[in-house]
Amino acid sequence: DIQMTQSPSSLSASVGDRVTITCRASQSIGSYVNWYHQKPGNAPKLLIYAASSLQSGVSSRFTGSGSGTEFTLTISNLQPEDFATYFCQHSYTGRLFGGGTKVEIK
Amino acid sequence: QLQLQESGPGLVQPSATLSLTCSVSGVSINSTSYYWGWVRQSPGKGLEWIGNIYYTGAASYTPSLKSRVTISLDTSKSQFSLKVNSMTAADTAIYYCVREAYYFGYTFDIWGQGTMVPVSS
């Protein structure tokens, strides 16, 4: 199985900060990576698909990049509604999620 | 408005079979563009894809659960269902029904609200 290692597992940041979350795949998976965020009590919500494409209706403060084995999600100008848990997911073979990154208020 | 809604029991006993149904509204379940699937979330295992089904009835399952899981489709009711047999405490999780779209890779673009399924006697 292709594993997705997500880091950090948690971080503290302030409103207005720029935040970067990383997922590393155990082998090359092209651009078959999606990013989601999840707020407590809610289902995950798709933010980025195919590594760098912004889902319709999602703020342009979210940017995805990477290919092969390393992928990043960057949140610019962090807003109060962005404090949540973020997950990466690949669909190269099967579907597998990263362990999550909890973004907390500093 | 596109919506997915799970329904099922609030509690499952060990060794019993879990049965969940997802009702789809706002889009045709017969669409050739999408798959209909299930994802679960537990504190110990995080988010885990269970499987999906296409409008033709063809289903795919994650290998670790394949022997215990069946996903089926009822197009007349615009519903799809999940059955997991031989449930144990390790299957305690929030179960989400999802729509999978192919956007250069399979993407979970629509999620139901989720239903918590504790396994306990």
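Look up: the structure comes first, before these words.
Residues numbered from 1 in each chain as written. Chains lettered and ligands numbered in written order. Predicted model: local features only at pLDDT ≥ 70, side-chain atom pairs only at ≥ 80, totals over all residues. Heavy atoms only, no water.

Caption draft 1: Representation of the sheet that holds strand β7 (residues 79-84) of chain B within the structure. Residues and elements named next belong to chain B. Here four strands make up an open sheet; going across it, the order is β1-β2-β7-β6 and the pairing antiparallel. Edge strands, defined here as strands with exactly one partner in the open sheet, are β1 (3-7) and β6 (69-74). Neighbour-to-neighbour, the strand axes of this sheet turn through a mean angle of 20 degrees, independent of strand direction. Examined bridge by bridge, β1 and strand β2 (residues 18-25) share five bridges and lie antiparallel to one another. Its bridge partner being in β2, Ser-7 is matched across the sheet by Thr-21. (Pairing = 2+ DSSP bridges. Helix = DSSP H or I, 4+ residues; strand = E, 2+ residues; numbered from the N terminus. Axes fitted to C-alpha atoms, helices over the stretch in contact; angles between N-to-C directions.)

Caption draft 2: Looking closely at the pattern of salt bridges. Residues and elements named next belong to chain A. If you walk through the whole model with that rule in mind, you get nine salt bridges over all chains. Residue Glu-81 pairs with Arg-61 through a salt bridge whose shortest N-O separation is 3.8 Å. Here Glu-81, found in the loop between β8 (70-75) and β9 (85-90), pairs with Arg-61, found in the loop between β6 (53-54) and β7 (62-67); they are 20 residues apart in sequence, far enough to count as distant. The exposure class of Glu-81 is partly exposed, given its relative accessible area of 41%. (Salt bridge = Lys/Arg side-chain N within 4 Å of Asp/Glu carboxyl O. Buried < 20%, exposed > 50% of the residue type's maximum accessible area, 1.4 Å probe, protein only.)

Caption draft 3: Molecular detail of the interface of chain A and chain B. Between chain A and chain B, the contact holds 18 residues from the first and 18 residues from the second. In total, chain A and chain B occlude about 1,600 Å² of area from one another, counting both sides; carbon and sulfur atoms represent 63% of this. On the chain A side of the interface with chain B, the three residues burying the most area are Tyr-32, Arg-95 and Phe-97 of chain A, jointly 39% of the side's total. Where Arg-95 of chain A meets Glu-100 of chain B, a salt bridge forms, and the shortest distance between an N and an O atom there is 2.7 Å. Counting every contact that joins chain A to chain B gives eight residue pairs in polar contact (both at pLDDT 80 or more). Among the secondary structure elements, those contributing two or more residues to the side of chain A that touches chain B are β4 (33-38), β5 (45-49) and β9 of chain A. (Contact = heavy atoms within 4.5 Å. Buried area = accessible area lost by both parts, 1.4 Å probe. Polar contact = N/O pair within 3.5 Å; in protein donor to acceptor, adjacent residues only side chain to side chain.)

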